[in-house]
Amino acid sequence: MDKLRRVLSGHEDNEESGLTQILDGSTLNYSTRVKWFVICFAAGVLCSILGAALLFLPGGIKLFAVFYTIGNVAALSSTCFLMGPFKQLKRMFEPTRLIATIVMLLCLALTLCAAFWWKKNLLAIIFCIMQFLAMTWYGISYIPFARDAVMKCFTTCLS
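Our subject in this report is the structure included herewith. Since this is a predicted model, take the numbers as computed values, not measurements. (Residues numbered from 1 in each chain as written. Predicted model: local features only at pLDDT ≥ 70, side-chain atom pairs only at ≥ 80, totals over all residues. Heavy atoms only, no water.)

Within the protein one finds eight helices and zero strands. Along the protein, helices (α) and strands (β) appear in the sequence α-α-α-α-α-α-α-α when read from the amino end. Looking at the 159 residues of the protein, the share that counts as buried comes to 28%. Within the protein, counting contacts between residues at least 6 apart in sequence, those at least 24 apart form 58% of the total. (Helix = DSSP H or I, 4+ residues; strand = E, 2+ residues; numbered from the N terminus. Buried < 20%, exposed > 50% of the residue type's maximum accessible area, 1.4 Å probe, protein only. Contact = heavy atoms within 4.5 Å.)

Okay, here's the thing in structure tokens:
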């Protein structure tokens, strides 16, 4: 409200533009950002679970592919509420996450292609599994040393 008064009275400071603030997500207070993060993430998880349940219906592979992909996109988008879309995109394409991001986005598209255009059910399921693995790898990239620990466990198990 104070900002509106400053603008209307003509005493606006040289702050960032309104569009920049909106796109950064900094116009929302912390509790609002956390609430919308939880809502968006929960919706994503719900869509993924619903997609898995629909898999067992006749012709359910298409519904599964759609709901699972929407769920992953919603879960990924939920972090935009915490840090803002521009910062999210910057972090997604940092060198440490670049491969996981590309594989994840590619698998999102290929899952839908396999289900709708190519009509290859097994391939759609394989791409969904790859989506899950890429999202997991992408997610643990935000936890310090988590990738190293996972790789160490993996190499230990294989030895």
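Let us now look at the layout of surface pockets. Computed from the structure, the largest pocket encloses a volume of approximately 420 Å³. Elements with a contribution of two residues or more to the lining of the largest pocket: α3 (30-54), α4 (60-83) and α7 (121-140). Sort the elements by how many residues they give to the lining of the largest pocket and α4 lands first, with eight residues. Class assignment of the residues belonging to the lining of the largest pocket gives a composition of 13 nonpolar, nine polar and no charged. (1 Å grid on protein atoms, 1.4 Å probe; cavity = no way out; pocket = protein on both sides within 12 Å on 5 of 7 lines; lining within 4 Å. Points joined across faces, edges and corners; volume = space filled by probe spheres on them. Nonpolar A, V, L, I, M, F, W, Y, C, P; charged D, E, K, R; others polar.)

A few words on the packing of aromatic side chains. Considering all chains together, one arrives at five aromatic pairs under this definition. Their ring planes at 25 degrees and their centres at 5.9 Å tell us that F37 and F41 sit as a pair that is stacked. Of the two residues, F37 and F41 both sit in helix α3, four residues apart, roughly one turn of that helix. With centroids separated by 6.5 Å and ring planes inclined at 65 degrees, the aromatic side chains of F116 and W117 adopt a geometry described as edge-to-face. A relative accessible area of 64% places W117 in the exposed class. (Phe/Tyr/Trp six-rings, centres within 6.5 Å; stacked < 30°, edge-to-face > 60°.)

In the Ramachandran plot, K119 falls in the positive-phi region, its phi being about 55 degrees despite a non-glycine side chain. Along the chain, K119 turns up in the loop between α6 (98-117) and α7. Non-glycine residue F145 carries a positive phi angle of around 65 degrees. Relative to the assigned elements, F145 resides in the loop between α7 and α8 (146-158).

Once that is clear, we can look at the nonpolar core. Formed by I61, F64, A65, Y68, A114, A115, A124, F127 and C128, the largest nonpolar core amounts to nine residues. When residues of this core are traced back to their parent elements, those giving at least two are α4, α6 and α7. For this core, the leading source of residues is α4, giving four residues. Filtering out sequence-adjacent residues up to four positions away, F64 remains in contact with G51, A52, L55, I125 and C128. (Core = buried A, V, L, I, M, F, W, Y, C linked by side-chain atoms within 4.5 Å.)

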